[in-house]
Amino acid sequence: MPATGELSGSTTESATGSARPGEPSAVLPADDGRTRAAEPPGPTARPRAGSTRPGEPSTVPPGNDGRTESAGLALPAGLALPAGLALPAGLALPAGGAEAGPAGGDGFAGADSAGPASGSGSGTADGTADGTVVGTAVGTGSALGLIDAAERARLAGRPARARELLARAGYEGAPDVVRGAAQLVNGQLGLQDGPVADARDVLLLAAELLAEAEPARALAARLAAMEAAWAMGDAAACLEALDPGPGRRGSDDVNPVAGATRSGGPDHVAGPPEGDGGVAAYRAGMSAVMRGRLDTGRTRLREVVDGAGAAGVPDGPESLLLAGGAALVAGDLAAACRASSRALAVARARGPRILVAQALERLAYGELRAGRHARARAHAEDGLRTALAAGQSNLVAHHHAILALAASVEGSQEAVAEHASAAERIAAPHGLAQAATLSQWARARADLARGRLPEAAARLGPLVGAGPRHGHFALRMLAVPCFVEAAARTGQAEAARTALAEFTHWAAQGADPQAPAQLARCQALLSDGDGCEPLYAAALAHHEEAGGDFERGRTQLLYGAWLRRRRRPGEARGRLRDALVSFERGGALGWAAQTRAELRATGDAAPAEPVGPLALLTPQQLRIARCVAEGATNREVALRLSVSPRTVDHHLRNVFAALGVRSRVELSRWVDRAEKTTAHP
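Given the structure is predicted, the values throughout are model-derived calculations rather than measurements.

1. Here's the deal with the overall build of the chain
- Counting its secondary structure elements, the chain contains 28 helices and 4 strands.
- When burial is assessed residue by residue, the chain has 56% of its 681 residues classed as buried.
- Long-range pairs, those at least 24 residues apart, make up 62% of the contacts in the chain with a sequence separation of at least 6.
- Carbon and sulfur atoms make up 52% of the accessible area of the chain, which totals about 25,800 Å².

2. Side note on unusual backbone geometry
- Along the chain, Gly351 connects to Pro352 via a cis peptide bond; the corresponding omega equals 0°.
- A positive phi angle is found at Arg567, which is not glycine, with a value near 60°.
- Looking at where Arg567 falls in the secondary structure, it is placed in the loop between α22 (549-565) and α23 (569-586).

3. What to know about the packing of helix α20 (residues 515-525) against α22
- Their axes nearest at 11 Å, the elements α20 and α22 cross at an angle of 20°. Accordingly, the angle class assigned to the pair α20 and α22 is roughly parallel. In terms of crossing hand, the pair formed by α20 and α22 is left-handed. Where α20 abuts α22, its residues Gln518, Arg521 and Leu525 lie against Glu551, Arg554, Thr555 and Leu558.
- Considering only residue class, the contact of α20 with α22 consists of 2 nonpolar, 2 polar and 3 charged.

4. Some words on the packing of helix α10 (residues 317-330) against helix α12 (residues 354-369)
- Relative orientation of the contacting elements α10 and α12 amounts to 25°, with a least axis distance of 11 Å. The angle between α10 and α12 places the two elements in the roughly parallel class. Every pair of crossing elements has a handedness; the one defined by α10 and α12 is left-handed. The residues of α12 that touch α10, namely those facing Pro317, Glu318, Leu321, Gly325 and Leu328, are Leu355, Gln358, Ala359, Arg362, Tyr365, Gly366 and Arg369.
- Counted by class, the contact of α10 with α12 contains 6 nonpolar, 3 polar and 3 charged residues.

5. What about the side chain of Arg521?
- Here Arg521 is to be found in helix α20.
- Looking at Arg521, the relative accessible area reads 1%, which means it is buried.
- Of the polar contacts made by the side chain of Arg521, one reaches the side chain of Glu551; its length is 3.1 Å.
- In contact with Arg521, other than residues within four places in its own chain, are Pro481, Tyr536, Ala539, His543, Glu551, Arg554, Thr555 and Leu558.

6. Let's talk about the environment of Gly461
- The topology assignment puts Gly461 in helix α17 (residues 453-464).
- Overall, Gly461 belongs to the partly exposed group, its relative accessible area being 26%.
- Remark: the alpha-carbon pair of Gly461 and Gly471, spanning 10 residues in sequence, is separated by 9.2 Å.

7. Remarks on the pattern of salt bridges
- If you walk through the whole model with that rule in mind, you get 34 salt bridges.
- Several salt bridges share partner residues, and in doing so they unite Glu485, Arg489, Arg521, Glu551 and Arg554 into one network.

8. Quick notes on the packing of aromatic side chains
- Counted under the stated rule, the structure contains 8 aromatic pairs.
- Consider the rings of Trp230 and Phe473, whose centres lie 5.2 Å apart with planes at 65°: the pair is edge-to-face. Here Trp230 is found in helix α6 (residues 215-232), whereas its partner Phe473 is found in the loop between α17 and α18 (476-488), with 243 residues between them in sequence. Across the pair, exposure class does not vary: Trp230 and Phe473 are buried alike.
- For the ring pair Tyr559 and Trp562, a centre distance of 6.4 Å and an interplane angle of 35° mean the geometry is tilted. Highlighted residues: Tyr559 and Trp562, both in helix α22, separated by 3 residues, approximately one helical turn. Neither Tyr559 nor Trp562 differs from the other in exposure class; each is buried.
- The cationic tip of Arg445 hangs over the ring face of Trp441; the distance from NZ or CZ to the ring centre is 5.4 Å.

9. Re α10
- The end-to-end C-alpha separation of α10 is 20 Å, in line with the 20 Å expected for 14 residues at 1.5 Å each.
- Of all the 14 residues making up α10, 14 are buried; the element is thus mostly covered by neighbouring parts of the structure.
- Phi turns positive, to about 85°, at Gly331, one or two residues after α10.

10. Digging into the confidence of the model for the chain
- Averaged over all residues, the pLDDT of the chain equals 75, while 70% of them reach at least 70.
- Across residues 263-275 the pLDDT falls below 50, and counting only partners more than four positions away or on other chains, this stretch makes 69 contacts in the model.
- Within the model, pLDDT remains below 50 along residues 677-681, and this stretch shows 11 contacts once partners closer than five positions in the same chain are excluded.

11. A closer look at the environment of Ala537
- Looking at where Ala537 falls in the secondary structure, it is placed in helix α21 (residues 532-546).
- Along the chain, Ala537 and Tyr559 lie 22 residues apart, while their C-alpha atoms are 8.7 Å from each other.

12. A look at the nonpolar core
- Counting residues in hydrophobic clusters, the biggest one holds 120 residues, and the most contacted among them are Tyr282, Trp441 and Phe503.
- Among all residues touching Phe503, those that are not within four sequence positions of it are Met477, Val480, Pro481, Ala515, Gln518 and Leu519.
- Judged by nonpolar contacts, the second largest core, of 18 residues, contains Ala143, Ala149, Leu166 and Leu189.

13. Observations regarding helix α24 (residues 589-601)
- The terminal C-alpha atoms of α24 lie 19 Å apart, and with 13 residues this matches the ideal 18 Å at 1.5 Å per residue to within 8%.
- Judged by how many residues are buried, α24 sits mostly within the fold: 11 of 13 residues are covered.
- Listed as buried for α24 are Gly590, Trp591, Ala592, Ala593, Gln594, Thr595, Arg596, Ala597, Glu598, Leu599 and Arg600.
- One or two residues past the end of α24 sits Gly603, with phi positive at roughly 95°.

Thresholds, definitions, all that
Residues numbered from 1 in each chain as written. Predicted model: local features only at pLDDT ≥ 70, side-chain atom pairs only at ≥ 80, totals over all residues. Heavy atoms only, no water. Helix = DSSP H or I, 4+ residues; strand = E, 2+ residues; numbered from the N terminus. Buried < 20%, exposed > 50% of the residue type's maximum accessible area, 1.4 Å probe, protein only. Contact = heavy atoms within 4.5 Å. Areas by Shrake-Rupley, 256 points an atom, 1.4 Å probe, with all protein chains shown as cover. Axes fitted to C-alpha atoms, helices over the stretch in contact; angles between N-to-C directions. Parallel < 35°, antiparallel > 145°, perpendicular 65-115°, else oblique. Left-handed = near helix turned anticlockwise from the far one by under 90°. Nonpolar A, V, L, I, M, F, W, Y, C, P; charged D, E, K, R; others polar. Polar contact = N/O pair within 3.5 Å; in protein donor to acceptor, adjacent residues only side chain to side chain. Salt bridge = Lys/Arg side-chain N within 4 Å of Asp/Glu carboxyl O. Phe/Tyr/Trp six-rings, centres within 6.5 Å; stacked < 30°, edge-to-face > 60°. Lys NZ or Arg CZ within 6 Å of the ring centre and 35° of its normal. Expected span 1.5 Å × (residues − 1). pLDDT = per-residue confidence, 0-100. Core = buried A, V, L, I, M, F, W, Y, C linked by side-chain atoms within 4.5 Å.

See the structure below:
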C-alpha cells in the first residue's frame, strides 16, 4: 500500500501529460494489491473568460448537470441550506457583482482574472502580460472570489488547486470576514490532509473571525474543530469546540463515555445553520455525552436521528451524516447504517464529491460495529480508492484501519499487518489517535485469533487505559472484552478485573447492543468452578437479542473450550460446532480454524482433517505441532491450550518420534507441506 509521501505533493504522468506541480496524484490499489497512479480528477477543459493563458483549461468543477457553476461566495460543505430557505443577509455575493470580478465565463473567472479588483475593495494586485496575478494583497472582492474558488476546488476533491488559490488571495490584513473565510477553507483542507491539531487551531481562529459577521460559517468552523479534536482523541478539546466559553479547556467536567464512537473519519460534518433544530440537538447531545451524561445525551441525539429524512426536512448528505454519527453515539447501529447509506447515495448523486469517501467510512464503520465484516470491507475498499483520488489522506488512514479490523476477523495475518501499517504511517505524523487505536486493536485481535495471548494482552493493555499515551477515549470500552480474554488467560486477572469494572458501568448505559453479552462472557472468564456455566448461558441469551454471528461465535468457542477442560467433551462438541457455524457464516476464517482445533481436541472428526504423516498424531499432538510450527515456545503453547509446559514437552517429544523429525524447524516444514492449502490455527 502507498506510503504517506505518495498521498500528497507528488506528480504523476497521465495520458494527457504531467499533473500540475504540487497536485496529488490519485494512487489507487490495483487488483493485484499493488498501487497504480491515475490522472488527477479534473473538469473538461474549455477556455476561461477574461485574460488566460492560451489553451489553458478551466478549473471550474462541473455541476451535477454537467454545466459549470457561477462565481459567488458559496457556503462551505456541510453548511448547505435546505431548499426554499434564504441565505443569511450578507452571506452570498451575487455572481458578476461589483466585487466578484469580471462577469460571464466560468465560476473562477473573477478569481483568476488580472488586474485590481473593481468596486470598493482595498488593496492592490499586480498583473503580468498574460494576466496572471503575481502581487500580494488584492481587493476584498477579488480575495473573496479566490477564497470561493478555493472552496469549490476543495469540494471537487482538488486540494492542491484549493491551496494555490488561497495563496493567491492575499487575505493578510483583510477584514475579519475575509480572513475568517480563508481560514475556514484552510482548516477544512487540514482535516482532509494534514496534522489535525493544527487544523483544529485554524478552525477555532476562523470561528472567532466569523462569529460576528457570519455566525452560520462560525458554526461550521466550530463543528469542524470538534471533528479535529475527536480525531486527536482530545475529549476536552471536543467540548471546547462544541460549547465554547471561558475556562472550558481542560475543564474538570469533561468525562466522555468511552466507546461512544461517532465515526472514524476526521473530515468535517457541519450541519445546517444555528437555528436548525438538528444541529442544536446534536451539539447539546454531544456536550452531554462528553460530560459523561449518556442518558441525557442519547435523548437529544435521538432527536437528530429521528429528524433525518422526516417530512419537510432536507436529506442532504451533511444532515444525514450528522444523523449517522448521532446514531453511533446513541448505540443504534441499524439507524447509523441506514443514515450513512442514504448519505452515500445522496453524495454520489448530488455531491459534494469529498463527502463520498466520508460517507463510505461511516457506513463501513457502522457495518463493522454491527458484525457485518464482509460488508465493512467492501465499503472500506471503495472508500480507500475514493479518498486517495480526492487527496483525503486522513480518511485514507481510517479506511486502512477499518480494513485491518475486518482482516483480523477474516483470518489474513498479512492483510492485517499491511493495512495497519498503512494506517499508522499516516496517523503518526498527522496525530490521528483514533486511526492508530483502531489499527492496534486490529493487530491484537489477529493475535487472539491465532492464540497468541501474551502478545494480544500487551497490545490491548495501553488501549483500554485512560489518559495520555493510551488509546482513543471513544474506543477504550469497545476493546475491553478482547483485553479481558487475553489477560484472564495469561494470569493477569487483576488487570482484567480493573478494566471490567469500568466496562460494567458502561454496558449498563446501553451504549452498545453487544455489551451485555460481552460482559457476561468476561465475567465467566474471570469466574472459578461451576460459576462459569450460568454466565456463559446468560451471554448466549443476550446474543440472541443483539444478533451478530462473530461475537456469538466467540462466546460459544470459549464456552466449548471450558467444557472440554471440565472433561465434558460431548457438551463441548455441541457448543464448538455452533461456534464453527457462526464463524463460517460470518466469514471469520481464522476463528473458524481455532474452533476446528478445539473440536479435534474433543475427539470430533472436524472438517479439514490432517493428511499424510500428520494423520498419525493425536488431536492434542496435532494442536501442539501446529502451534510450534508457528514459532510458539512451549510456554506459549501451554498458555494457548490451557495445559502445563510439562504436558507440552511430553507431547512434543512424541510428535518428534512419530514424524521422525529432530528439530522444531524440521517440524515446521512438515506442517507447512501437509497443510499449505488449508487454514490452521
